[in-house]
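Chain residues, written in single-letter form:
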Amino acid sequence: MASKKKLMASKKKLNKRSVIHPQTTATNTSMAPSRRPNLSCGKLAFLAPALPVLCFFGLLSIFWSWSSKLTVDHSSPVLYAIEVVNEFPHDPQAFTQGLLYAGNDTLFESTGLSGESSVRKVALQTGKVEAIHKMDWSYFGEGLTLLGDRLFQVTWLKKTGFIYDRYNLSKFEEFTHQMQDGWGLATDGKSLIGSDGTSTLYQLDVQTLKVMSKRIVTHNGHEVHSLNELEYVNGEVWANIWQSDCIARISYTEGKVLGWILLPNLREGLIATGYHGIDVLNGIAWDGENKRLFVTGKLWPKLYEIKLHRMQNNYDDEFVQQLCLRKPFNFVKP
Ligand SMILES: [Ca+2]
């Protein structure tokens, strides 16, 4: 957001351990008899040859029960590392607050900072700004999404948003929304999805901009605060977590975090090569047709196309919480 606080994302060494705790307590699903037949010794002797077979099926049943519980309990979010497959130039003056892919190697971007906020059309390959709408100094640009021919944008510390013509960035109209603030925007193609820096995702009616539904985003029972720039990807909502190097993959229907994309290497790599003035990771764009995923950050000189790789190491929830969860944002105006 506005203040350029230093990143708080402290990195811990991966020290992962399994959190899979199979509940192997006895259940009635084993082959153990649930009632006691009144068998005489003679009858038991008759069954003796069958005991190895009974033992085999008994053990098989216990294993099946145990492995089923493993499957049920294995619900920790999946961790993803990234691979950079392409780098593109990005305006290092762009304080990226909203990013989307619009086809034909074209991006739309919303930038923030008072007096420098804008909506812009950007060529992916060159980073060149092909069209720009400079916002009034009193507005701080935030989330941006495209639905049909209309670009929707929200602004920071106000409940005012704007709708633009995607072809010439002329302003169609102004609207008021019901979220606490304007941070991120995305769309599932029917309605708008918004974030306001809290742990809530909002579904907004595209005509009235009223809230149709909302859900709290959680990670293993913890609220995920500071939801920022958004992207809708294959039925999931992906969200930058402000002041972290993490992107949450969120079940849009349940609000549950399904996975975390860990990207500290991008920001740290830029700093290591001399870009000390950059701000946090922010900006996700999805090219659904070509399955390309783009990310960038505020004042970053590069935009990256990345691929995800599921991490195979044991999952450590303390590590994930430290890296990706942040305290609630204080909504007191500066
Ligand atoms: Ca986006």
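Residues numbered from 1 in each chain as written. Predicted model: local features only at pLDDT ≥ 70, side-chain atom pairs only at ≥ 80, totals over all residues.

**Things to note about the overall build of the chain**
When you go through the chain residue by residue, the secondary structure sums to four helices and 22 strands. Restricting to contacts in the chain with at least 6 residues of sequence separation, those with at least 24 account for 55%. (Helix = DSSP H or I, 4+ residues; strand = E, 2+ residues; numbered from the N terminus. Contact = placed C-beta atoms within 7 Å.)

**Topic: the confidence of the model for the chain**
Per-residue confidence for the chain averages 83 on the pLDDT scale, and 77% of its residues sit at or above 70. For the stretch residues 1-47, pLDDT sits under 50, and the model shows 58 contacts to residues farther than four places along the chain or on other chains. Contacts of residues 57-74 to residues separated by more than four positions or lying in other chains number 21 contacts, the stretch itself having pLDDT below 50. (pLDDT = per-residue confidence, 0-100.)

**What to know about the sheet that holds strand β18 (residues 246-251)**
A sheet is described by the order of its strands in space; here eight strands give the open sequence β16-β17-β18-β19-β1-β22-β21-β20, paired in mixed fashion. Strands with a single pairing partner mark the edges of an open sheet, and in this sheet they are β16 (227-233) and β20 (281-287). Averaged over all pairs of adjacent strands, the angle between strand axes in this sheet comes to 30 degrees, irrespective of strand direction. In this sheet, strand β21 (residues 292-297) lies alongside β20 in antiparallel orientation, the contact comprising five bridges. Along β21, the bridge assignment pairs leucine 281 with glycine 297. Strands β17 (236-241), β18 and β19 (257-262) of the sheet are contacted by helix α4 (residues 317-324), whose axis makes an angle of about 70 degrees with β19. (Pairing = 2+ DSSP bridges. Axes fitted to C-alpha atoms, helices over the stretch in contact; angles between N-to-C directions.)

**Here's the deal with the sheet that holds strand β11 (residues 192-195)**
Here we have four strands laid out as an open sheet, ordered β10-β11-β12-β13, and antiparallel in their pairing. Each end of this open sheet is capped by a strand with a single partner; those strands are β10 (184-187) and β13 (211-216). Mean inter-strand twist for the sheet, computed between neighbouring axes without regard to direction, equals 25 degrees. Sheet analysis places β10 next to β11, joined by four bridges and oriented antiparallel. Residue alanine 186 lies in a different strand from β11, and its bridge partner there is isoleucine 193.

**Some details on unusual backbone geometry**
A positive phi is found at aspartate 105, a non-glycine position, where the angle reads about 55 degrees. Positionally, aspartate 105 belongs in the loop between β2 (96-101) and β3 (106-111). Backbone geometry at leucine 209 places phi at a positive 65 degrees, although glycine is not the residue there. Within the secondary structure, leucine 209 is located in the loop between β12 (200-204) and β13. A residue is classified by how many C-beta atoms lie within 10 Å of it, and leucine 209, with 19 of them, is partly exposed. (Buried ≥ 20, exposed ≤ 12 C-beta atoms within 10 Å, placed from the backbone.)

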